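Coordinate analysis (summary)
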Amino acid sequence: MIDAAQIDHLAQLARLHLTPEERAAMQADLTRVLGYFEQLNEVDTDGVQEMQRPVNLVNVLRDDVAGDVFPVSTVTALAPESMPDGHIRVPRTVETD
């Protein structure tokens, strides 16, 4: 069973602000999910070959080959703010607490 401290910790990690009702619902849902995993642990898997994926996948990506690059003047002209030394300043995308 998941306790309230674990729910608070998970909510903090996920940056969720849960109401008491949401916290209780989350606790019930996660406890139920863990119960499903306990059921899976009871299944006899002796003699079953381990696999990574249920379907064989083939790499469909192109080869990683270097190509033409934009001239520095083009890149700095498109940048929100460029520095005299050629660096580009961009807006912060990740906030820290």
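The structure we're discussing is the one just above.
So, a few notes on the structure that sits alongside this text.

Analysis parameters
Residues numbered from 1 in each chain as written. Predicted model: local features only at pLDDT ≥ 70, side-chain atom pairs only at ≥ 80, totals over all residues. Heavy atoms only, no water. Helix = DSSP H or I, 4+ residues; strand = E, 2+ residues; numbered from the N terminus. Rg over C-alpha atoms; globule rule 2.2 N^0.38 Å. Buried < 20%, exposed > 50% of the residue type's maximum accessible area, 1.4 Å probe, protein only. Areas by Shrake-Rupley, 256 points an atom, 1.4 Å probe, with all protein chains shown as cover. Lys, Arg positive; Asp, Glu negative; His and termini not counted. Charge placed at Lys NZ, Arg CZ, Asp CG, Glu CD. Patch = residues over 30% accessible without salt bridge, like charges linked within 9 Å, V, L, I, M, F, W, Y side chains within 5 Å. Salt bridge = Lys/Arg side-chain N within 4 Å of Asp/Glu carboxyl O. Axes fitted to C-alpha atoms, helices over the stretch in contact; angles between N-to-C directions. Parallel < 35°, antiparallel > 145°, perpendicular 65-115°, else oblique. Contact = heavy atoms within 4.5 Å. Nonpolar A, V, L, I, M, F, W, Y, C, P; charged D, E, K, R; others polar.

**Points about the overall build of the chain**
- Within the chain one finds three helices and two strands.
- When its helices and strands are written in sequence order, the chain yields α-α-α-β-β.
- Expected size for 97 residues packed as a compact globule is a radius of gyration near 13 Å; at 25 Å, the chain overshoots this value by more than 25%.
- When the backbone C-alpha atoms are referred to their principal axes, the chain occupies close to 65 × 45 × 15 Å.
- Looking at the chain as a whole, 6% of its 97 residues qualify as buried.
- Summed over all atoms, the accessible surface of the chain reaches about 9,500 Å², with 56% contributed by carbon and sulfur.
- Charge-centre separation for the chain: the mean point of 7 positive side chains lies 8 Å from the mean point of 17 negative side chains.

**Here's the deal with a nonpolar patch on the surface**
- Side chains of V33, L34, Y36, F37, L40 and V43 sit close together on the surface and give an oily, nonpolar patch of about 580 Å² of accessible area.
- With respect to the helices and strands, L40 occurs in helix α2 (residues 20-41).
- Given a relative accessible area of 56%, L40 falls into the exposed group.

**Observations regarding the pattern of salt bridges**
- Applying the stated criterion across every chain, the model contains three salt bridges.
- Note that R23 and D8 form a salt bridge whose closest N and O atoms lie 2.6 Å from each other. Here D8 lies in helix α1 (residues 4-13) and R23 lies in helix α2, a separation of 15 residues in the sequence.

**Quick notes on the environment of E22**
- Along the polypeptide, E22 turns up in helix α2.
- E22 sits 37 residues away from N59 along the chain, and the two C-alpha atoms are 41 Å apart.

**Some remarks on the environment of V69**
- Following the sequence through the fold, V69 ends up in the loop between α2 and α3 (72-78).
- For V69 and E81, which are 12 residues apart along the polypeptide, the C-alpha to C-alpha distance reads 20 Å.

**A look at the packing of α1 against α2**
- Two elements in contact, α1 and α2, have axes whose closest approach is 10 Å; the angle formed by their N-to-C orientations is 105°. If you check the angle between α1 and α2, you find them roughly perpendicular. Judged by residue contacts, A4, I7, D8 and L10 of α1 engage R23, M26, Q27 and L30 from α2.
- In terms of residue class, the contact of α1 with α2 is built from five nonpolar, one polar and two charged.

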